[in-house]
Amino acid sequence: MTEPISLEILVEERSAKQALDILLPRIVPAVPFEIREFQGKDMLVKELPRRFAGYAERMRWERLKVVVVVDRDDDDCKDLKRRLEGLAEKAGLSTTASVARQVLTRIVIEELESWFFGDVSALRQAYPRIPSSLGNQAKYRDPDGIGGGTWEALARLLAKHGYHKPGLAKLQLAKDVATHMDIENNRSQSFQVFRDGVRRLVSEES
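None of the values given here were measured: they were computed from a predicted structure.

The rules we used
Residues numbered from 1 in each chain as written. Predicted model: local features only at pLDDT ≥ 70, side-chain atom pairs only at ≥ 80, totals over all residues. Heavy atoms only, no water. Helix = DSSP H or I, 4+ residues; strand = E, 2+ residues; numbered from the N terminus. Rg over C-alpha atoms; globule rule 2.2 N^0.38 Å. Expected span 1.5 Å × (residues − 1). Buried < 20%, exposed > 50% of the residue type's maximum accessible area, 1.4 Å probe, protein only. Arc of directions from axis to C-beta. Contact = heavy atoms within 4.5 Å. Pairing = 2+ DSSP bridges. Axes fitted to C-alpha atoms, helices over the stretch in contact; angles between N-to-C directions. Parallel < 35°, antiparallel > 145°, perpendicular 65-115°, else oblique. Left-handed = near helix turned anticlockwise from the far one by under 90°. Nonpolar A, V, L, I, M, F, W, Y, C, P; charged D, E, K, R; others polar. Salt bridge = Lys/Arg side-chain N within 4 Å of Asp/Glu carboxyl O.

Draft legend 1. Spotlight on the overall build of the chain. Along its length, the chain carries 8 helices and 4 strands. Traced from its N-terminal end to its C-terminal end, the chain shows the element sequence β-α-β-α-β-α-β-α-α-α-α-α. Over its C-alpha trace the chain gives a radius of gyration of 17 Å, about what one expects of a compact globule, namely 17 Å for 206 residues. With respect to the principal axes defined by its C-alpha atoms, the chain has extents near 50 × 35 × 30 Å.

In structure tokens form, the structure reads like this:
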């Protein structure tokens, strides 16, 4: 009997882990996974060479696939992706489907909160005072193109409607919204690319 594929997900902060712990079982049901969190993107990237070397060794005997998820922040998306994939390839790991991809890199544009803006219904189920017209407002219509940072925009929106007034509690926010998210209908392109990429990764032969 063939051993099932398992996933290891590397994220840069605890709120991303909180959200993905809820979302991944819906995206790839029955696929076992572990999520490793780091203290920011710089620490995650610094650890990647050592991590990738360890994964390359494990993949000799284990059907393991790795996903790296980071925020774009102020980086150029294409340059950041090339940098991450270059570290994987240096360890002998494949990042392309043409040779049984082992590592998937995904850039959240612009931050995790863009995924939450991509599902207004989920936001409203978690925080009912948010207006139903939110998704039709010009500045929120493109969740990945919200100016000035999606974290800041969401903090202002929630505070305006009486939520998280002492300051945005990112862990609680991630749990509140991810619990209600419809993974098949999210307007954030970066979420769609993440979801579809993970599904392809686990379906490719290792």
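More follows now that the structure is in view.
Draft legend 2. Highlighting helix 8 (residues 189–203). Taking 1.5 Å per residue as the helical rise, helix 8 with its 15 residues ought to reach 21 Å, and the 21 Å between its terminal C-alpha atoms agrees with that figure. Turning to helix 8, its buried residues number three or more, namely Ser190, Phe191, Phe194, Arg195, Gly197, Val198, Leu201 and Val202. Summarising the axial view, the buried residues of helix 8 lie within an arc of 165 degrees, below the 170-degree limit, and thus occupy one face. More than 90 degrees from the buried face of helix 8, the exposed residues found are Gln189 and Ser203. In this structure, the buried residues of helix 8 make contact with strand 1 (6–11), helix 1 (14–27), strand 3 (64–71), strand 4 (103–108) and helix 4 (113–117).

Draft legend 3. The arrangement of the pairing of strand 4 in detail. Strand 4 sits mainly inside the fold: 6 of its 6 residues count as buried. Of the pairings in the sheet, the one linking strand 3 to strand 4 comprises 6 bridges and is parallel in character. Its bridge partner being in strand 4, Val69 is matched across the sheet by Arg106.

Draft legend 4. Quick look at the sheet that holds strand 1. Strand order across the open sheet formed by 4 strands is 2-1-3-4, with parallel pairing between neighbours. Two strands lie at the open edges of the sheet, namely strand 2 (33–37) and strand 4, each paired on one side alone. If you compare each strand with its neighbour and ignore which way they point, the axes differ by 20 degrees on average. Along the sheet, helix 2 (residues 41–58) contacts strand 1, strand 2, strand 3 and strand 4; its crossing angle with strand 3, the most-contacted strand, is approximately 175 degrees. Against the sheet, helix 3 (residues 77–90) contacts strand 3 and strand 4, and its axis sits at roughly 155 degrees relative to strand 4.

Draft legend 5. Quick look at the packing of helix 1 against helix 8. Between helix 1 and helix 8, the least distance of the axes is 10 Å, while the angle of their chain directions is 55 degrees. Classified by the interaxial angle, the pair formed by helix 1 and helix 8 is oblique. Of the two possible hands of crossing, helix 1 and helix 8 adopt the one that is right-handed. Taking contact as the criterion, the partners of Leu20, Leu23, Leu24, Arg26 and Ile27 in helix 1 are, on helix 8, Phe191, Phe194, Arg195, Val198 and Arg199. Among the residues forming the contact of helix 1 with helix 8, the class breakdown is 7 nonpolar, no polar and 3 charged.

Draft legend 6. Layout of the pattern of salt bridges. Scanning the model with the defined rule gives 16 salt bridges in all. Between Arg58 and Glu8 there is a salt bridge, and its shortest N-O distance comes to 3.4 Å. Of this pair, Arg58 sits in helix 2 while Glu8 sits in strand 1; the two residues are 50 residues apart in sequence, bridging distant segments of the chain. Look at Glu8 and you get buried, because its relative accessible area is 2%.

Draft legend 7. Region of the structure containing unusual backbone geometry. Positive phi is not limited to glycine here, since Ala30 has a value of about 70 degrees. One can find Ala30 in the loop between helix 1 and strand 2. One non-glycine residue, His164, lies in positive phi territory at about 50 degrees. Tracing the backbone through its elements, the reader meets His164 in the loop between helix 6 (150–160) and helix 7 (170–178). For His164, a relative accessible area of 17% translates into the label buried.

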